[in-house]
Structures are given as C-alpha cells and as structure tokens.
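Results of the structural survey
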Amino acid sequence: GQQLNQSPQSMFIQEGEDVSMNCTSSSIFNTWLWYKQDPGEGPVLLIALYKAGELTSNGRLTAQFGITRKDSFLNISASIPSDVGIYFCAGQNNNAGNMLTFGGGTRLMVKP
Amino acid sequence: EPEVTQTPSHQVTQMGQEVILRCVPISNHLYFYWYRQILGQKVEFLVSFYNNEISEKSEIFDDQFSVERPDGSNFTLKIRSTKLEDSAMYFCASDRGLWPQHFGDGTRLSIL
C-alpha cells in the first residue's frame, strides 16, 4: 500500500519559535490533510489541501500541497505551549474508498 | 459544532470474546470509516462504508471484523473473537464525500 514518510519524528522547541514538518510519498495523492492529536483524543483537522501547489493558512498554521502531489509541509509560526501534541499528515485518493493514509506523526514539545 | 461520538471510551475484554464498538457519525454525513491506532504508532485505515455497504477495506479488516449501520444514526464495528493484538485505539470518522473526515475521540480496546 501507499506509505507516507513524515519528519521529523519529534521536535522540542522554545516557545515563540517557528516549526516546520513535512511528509513525502512515493505515490500521488489527490488531497493532503493535516491533523493534530492530543493525548486520549481523536485527530482534529487543522488544514485540508485540494490542489497541487495550494498554500493555505489557518491562523498561525500554514500548509502547502506540493506541486508533484507527492509531498506537503506544515509550518507553525510563533509556537505557544498549547501547540504541544502529535501532528499527522494524511493523504487521500477519492478513488480508493476515500481512505486516509497517515504519516507516522511528529511529536511537538514546546518549552515555555 | 457537530461531533462524531464513540462509546464506550474504554472497553476491556477477555481474549476470544466478541466486542462491539459504537459510533454516532455527524448527522448529515454519508461516508463512515473505522481506523485503529496501536499505542505509539500511526493511525491505520480499517474500512470505509457508504450506502449501506463496504466500499473499501484494508488487509487488517479480516473475517473477524464486521461493520453495520443498524439504524439511521449508529455505525458499529464488531470483532468476533478478539486477539491480544487487537488492543488499540479505534477511531470512527465520517464525512459528506469530498470533504475532510472528522474523527471521534476513540474507544480504547484492551484485550486481556
């Protein structure tokens, strides 16, 4: 099946710093999504990307859908303590039952 | 904001027993999904369901698994004879088709 490689696996940063994480795939996705998961909870959607080259912002979050449709990045600017959590990228192809293929996650830790 | 709700939040079951996990998707959504997440690992797709039938399933979703939409609101996942390796968080998700999937907070399944 399709595999998503997400990096870095974890990050420990100072409050106020910017963060960048990315996902790459060996195959094409029609849609890229970024989710955040807090302990004991389900993934919460942050940003959805539908077109190759698309750059979308949601507050301090910015994500881009790579032009080749095989990669995406997520940036968080001016991190705050509540940004702590695990961030997952997910790729979707609408001709495969709409299933999501998830990356391995990036665990973000923010030092106040 | 409408949510996907899952019950129970934690299920403890003896190996070999049957278990049913329950989900109430968002009311105007048409597509329903089950995913699982083994502790410390990424989220994995199990099955997608549309128009009262399975539209896609992964190799994890073997003969021991089944899904059902018994009425207009519930969506269930049944594991017929549980194994130790079925211990995981199970997430239900739903969407309206070509829209991002929204996840519930999950059921933690512990097999003893």
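All of the points below concern the structure found in this document. No experiment lies behind these values; they were computed from the predicted model shown.

Another point: the pairing of strand β11 (residues 107-111) of chain B. Each regular strand displays side chains that alternate between the two surfaces of the sheet. All names here are of chain B. Along β11, 4 of the 5 residues are buried, which leaves the element largely enclosed by surrounding structure. Note that strand β2 (residues 10-13) and β11 share 4 bridges and pair parallel. By the bridge assignment for β11, T13 is matched with I111. As defined by bridge partners, strand β9 (residues 88-95) adjoins β11 across 3 bridges and the pair is classed as antiparallel. Bridge pairing in β11 places A88 opposite L109.

We now examine the sheet that holds strand β8 (residues 75-79) of chain B. All names here are of chain B. Across the sheet, 4 strands lie side by side as β1-β3-β8-β7; this open sheet has antiparallel pairing. In this open sheet, the two edge strands, each paired with only one partner strand, are β1 (5-7) and β7 (65-68). Within this sheet the neighbouring strands show an average axis-to-axis angle of 20°, counted without direction. For strand β3 (residues 19-24) and β8, the ladder comprises 5 bridges, and the chain directions are antiparallel. If you follow L21 over to β8, its bridge partner there is L77.

Conventions adopted
- Residues numbered from 1 in each chain as written.
- Chains lettered and ligands numbered in written order.
- Predicted model: local features only at pLDDT ≥ 70, side-chain atom pairs only at ≥ 80, totals over all residues.
- Heavy atoms only, no water.
- Buried < 20%, exposed > 50% of the residue type's maximum accessible area, 1.4 Å probe, protein only.
- Helix = DSSP H or I, 4+ residues; strand = E, 2+ residues; numbered from the N terminus.
- Pairing = 2+ DSSP bridges.
- Axes fitted to C-alpha atoms, helices over the stretch in contact; angles between N-to-C directions.

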